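Geometric and topological summary
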Amino acid sequence: MARLCELASTIRSKNAGPDCITFDVIFRDDEVYRQVKNSGELTPERVCRLYGIGPERLVRFVAFDPARAIKFTIRRSRPSGSPGETDVMGSQMYAPLLELEVRAVTVKPKAAA
Amino acid sequence: MPETELASRPRTAAHRPRTAETDVFKLLSPTGHLGFTPIEEASFWAGVKRQPDAIVADSGSCDIGPHPLGADEPASPRTWQEHDLELIFTASRRAGIPMIIGSASDTGTDRGVREFAAMIRDLARRHGISGFRMAKIFSDQDLDVLARRLRQGAWTQGLDGRGPLTEEDLRRTGHAVAVMGVEPILAALKQGADVVIAGRSCDPALFAAPLLLHGHSRDIAYYAGKLLECASFCAEPFAGKESILGTVDRDGIVLEPMSSYQRCTPASVASHAMYERSDPFREYLPGGYVDMSQCVYEAVDERRTRARGSRWVAVPRYAVKLEGAGKVGERALMIVGIRDPHIITRIDDCIAWSQKKAGERFNRPGFQVHYHVYGKNGVMGELEPVKEIRGHEVCVVVEAVAPTRAEAVELANLAGRNFMYARIPGLKGTAGAAAFLSDEVLPARAAYEWTLNHVIEVDSPLELFRMEFEEL
């Protein structure tokens, strides 16, 4: 079992236009990427559960091999920067992903990591 | 589009037709958002030494929220905008190469184009630079004209789950721009512009225009622009405002950082290709999309990566994106702190009390109070999975919106001060249930919202834009 923050070199979130926030989990090497992708544990359903949203708000969930990345995009409840909105660039929404556990993958911690 | 008719006068590399199949074109990208924070000068001048054929930068983004567009104000300090323009202008004029700036002054509104053009005139005077042609491309949209287009049955589509454009959307809008594709910029270059100051633009189009003029294909031109548009974000380690050189050949682009400490690796370039977008395989632009599904990223050496395999797919409908923002009301803030654990566990009751008291005086349309509870879900709001409060103190930022400034201040004050008087059973601290940073309401910018995030079909790629030339 390993946490995403141990498996990924980048975990980030950012606006994709004014109505959506996109999340990128970029894995630290091809082997880890392949293992997580094949584990079937990082899924649209799990992401929706984590963020407490219905499937209609998850507009895209995709594996992007060239970047060793799993990427998904959610719709905001209201456009960025509207009154009441909390993160105008959507740049801190990735935090709950850091501790997400992937059971099928075990990684020896890198000494330098 | 009314244009000043001027004879074409090719002079610089971008103006010359390509002479050989092997011809490469070098683009220098010094910043992903001109003026947002200043360009790093060392890597910029290192890039200039490599003799690029054009210097290109965009200066806008919808990332900064709806306020700058709605209020038509810059989001960047004027001194930083001038700093960046001075670097690019002096370097490009000395080298005799075009400079292309898009989405002028954050918003890409006519104001931004005029202000940047005035800065260029001023810089030309100060540096004694003359003998160049400047193109200004305007992208502000008249809301009445858009409404007329709708009534005439123009095809529109809402993006990201929005419905088709309605007249009600336009009524809520204070300011709107159209986001230009490559054609207006290409038209400016074809008419001999040495300096292009463009309104709101698709970032990749700014880079694609000189490439197309130079004879490169659309397959590679837009993709090269996509990879270069955020400058050093395509390199690692993470850094902004460092220059990147893109050397574009017939079917690929080599990316090379101009800072000494960065590298463009296959992973860093590929991860940038999917940055800030929901679809990593397609980049949509007016008239079509870049298909990136077959792209290949290969290391040339430790610091350079070559990307290739992109394809331009034209679509039958030429549609241009509209961005618009409108004012919701005036806004004021109050900062409230809470330390008593008994009150923290009942923070929702405190908010309910504040809402009740605010509602008693301001129960009319146009009045809103939002409670940002830092320590609970102040950053993530409804998306926060952690439900319990784990800290020993919380901060509530009360955000009030009302039709007038005086009403916004009163509403924030009323909602904020009522945390002091929240009626909580079992409260020991009966002298007050909150700490005020200071018992004052902080003025805030007016509240705006994104009203337009749509595309509209047009007959000509140029019809929503207007161009002017100046000889300097």
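Our structure is the block above this text.
To start, this report covers the structure provided alongside it. All values reported here derive from a predicted model rather than from experimental measurement.

**Some points on the overall build of chain A**
If you tally the helices and strands in chain A, you get three helices and six strands. Along its sequence from the N terminus, chain A presents helices and strands in the succession β-α-β-β-α-α-β-β-β. Relative to its length of 113 residues, chain A is compact, with a C-alpha radius of gyration of 14 Å against a globular reference of 13 Å. Per-residue burial over chain A gives 53% buried out of 113 residues. Sequence-distant contacts in chain A: of pairs separated by 6 or more residues, those separated by 24 or more amount to 59%. By element, 50% of the accessible surface of chain A is carried by carbon and sulfur atoms, the whole surface being about 5,000 Å².

**Some points on the pattern of salt bridges**
In this structure the tally under the stated criterion is 53 salt bridges over all chains. The partner of Glu 99 of chain A in a salt bridge is Arg 3 of chain A, with the nearest N and O atoms 2.9 Å apart. With Glu 99 of chain A in the loop between strand 5 (69–75) and strand 6 (101–102) and Arg 3 of chain A in strand 1 (residues 2–3), the pair connects residues that are 96 residues apart, well separated along the chain. The partner of Glu 31 of chain A in a salt bridge is Arg 34 of chain A, and the shortest N-O contact between them spans 2.9 Å. In this pair, Glu 31 of chain A and Arg 34 of chain A both sit in helix 2 (residues 30–39), three residues apart, roughly one turn of the helix. Through salt bridges that share partners, Glu 86, Asp 122, Arg 125 and Arg 126 of chain B make up one connected network.

**Considerations on the state of the cysteines**
Going through the model one piece at a time under the given rule, you end up with zero disulfides over all chains. You can see Cys 48 of chain A has no disulfide; the closest cysteine sulfur is in Cys 20 of chain A, sitting 13 Å from it. For Cys 48 of chain A, a relative accessible area of 9% translates into the label buried. Cysteine Cys 395 of chain B remains unbridged, with the sulfur of Cys 350 of chain B as its closest cysteine sulfur at 14 Å. Judged by relative accessible area, which is 25%, Cys 395 of chain B ranks as partly exposed.

**Comments concerning the packing of helix 12 (residues 347–361) of chain B against helix 13 (residues 405–417) of chain B**
Residue and element names in this part refer to chain B. For the pair helix 12 and helix 13, interaxial distance at closest approach is 8 Å and the crossing angle is 145 degrees. As helix 12 packs across helix 13, the resulting crossing turns out to be right-handed. In this structure, helix 12 uses Ser 354, Lys 357, Ala 358 and Arg 361 to contact helix 13, whose residues at the interface are Glu 410, Leu 411, Leu 414 and Ala 415. Of the residues belonging to the contact of helix 12 with helix 13, the class tally is four nonpolar, one polar and three charged.

The rules we used
Residues numbered from 1 in each chain as written. Chains lettered and ligands numbered in written order. Predicted model: local features only at pLDDT ≥ 70, side-chain atom pairs only at ≥ 80, totals over all residues. Heavy atoms only, no water. Helix = DSSP H or I, 4+ residues; strand = E, 2+ residues; numbered from the N terminus. Rg over C-alpha atoms; globule rule 2.2 N^0.38 Å. Buried < 20%, exposed > 50% of the residue type's maximum accessible area, 1.4 Å probe, protein only. Contact = heavy atoms within 4.5 Å. Areas by Shrake-Rupley, 256 points an atom, 1.4 Å probe, with all protein chains shown as cover. Salt bridge = Lys/Arg side-chain N within 4 Å of Asp/Glu carboxyl O. Disulfide = S-S within 2.5 Å. Axes fitted to C-alpha atoms, helices over the stretch in contact; angles between N-to-C directions. Left-handed = near helix turned anticlockwise from the far one by under 90°. Nonpolar A, V, L, I, M, F, W, Y, C, P; charged D, E, K, R; others polar.

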